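Topology and contacts: notes
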Amino acid sequence: MARAGPRLVLSEEAVRAKSGLGPHRDLGLQTSVKRLCGEIVELKQHLEHYDKIQELTQMLQESHSSLVSTNEHLLQELSQVRAQHRAEVEQMHWSYQELKKTMALFPHSSASHGGCQAC
């Protein structure tokens, strides 16, 4: 069986001594790491908000597109109804003019006798 090599276990003080970092410098690094971790959390939150904003923007664009389509359809329908109404009004106007012409053919005196000429 092969013998494992010696394990190297260093204490925190030994690491600081070998790296040249004193306790005050280590505290500064810890503060920087905590600040950076806080920034990462903030950035992740901003990214989540950005994703939600993108989703809402997409929903609004789809809603807008649907509303534009519906509006165009309703405008076409309104145009057809207007044309139909205009044709009906013209028909009624023509019918009224024809009635006036027909009434002009009969003497007005018949109306004074109740419409009966034999009386």
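In case you missed it, the structure is sitting above this.
Now for a quick tour of the structure. (Residues numbered from 1 in each chain as written. Predicted model: local features only at pLDDT ≥ 70, side-chain atom pairs only at ≥ 80, totals over all residues. Heavy atoms only, no water.)

**Quick word on the pattern of salt bridges**
What counts, and what does not: We count a salt bridge whenever a side-chain nitrogen from Lys or Arg sits within 4 Å of a carboxyl oxygen from Asp or Glu. Counting from the N terminus, the helices are the DSSP runs of H or I reaching at least four residues and the strands are the DSSP runs of E reaching at least two. Burial here depends on accessible area, computed with a 1.4 Å probe over protein chains only, as a share of the maximum for the residue type. Under 20% is buried, over 50% is exposed, and the range in between is partly exposed.
For the structure on display, the rule yields two salt bridges. Salt-bridge contacts for R35 lead to E39; the nearest nitrogen and oxygen are separated by 2.9 Å. Of this pair, R35 and E39 both sit in helix 2 (residues 23–105), four residues apart, roughly one helical turn. Taking the relative accessible area as the measure of exposure, R35 reaches 48% and is therefore partly exposed. E39 sits in the partly exposed class, given a relative accessible area of 36%. Between E98 and K101 there is a salt bridge, and its shortest N-O distance comes to 3.3 Å. Residue E98 and its partner K101 are located together in helix 2, separated by three residues, close to a single helical turn.

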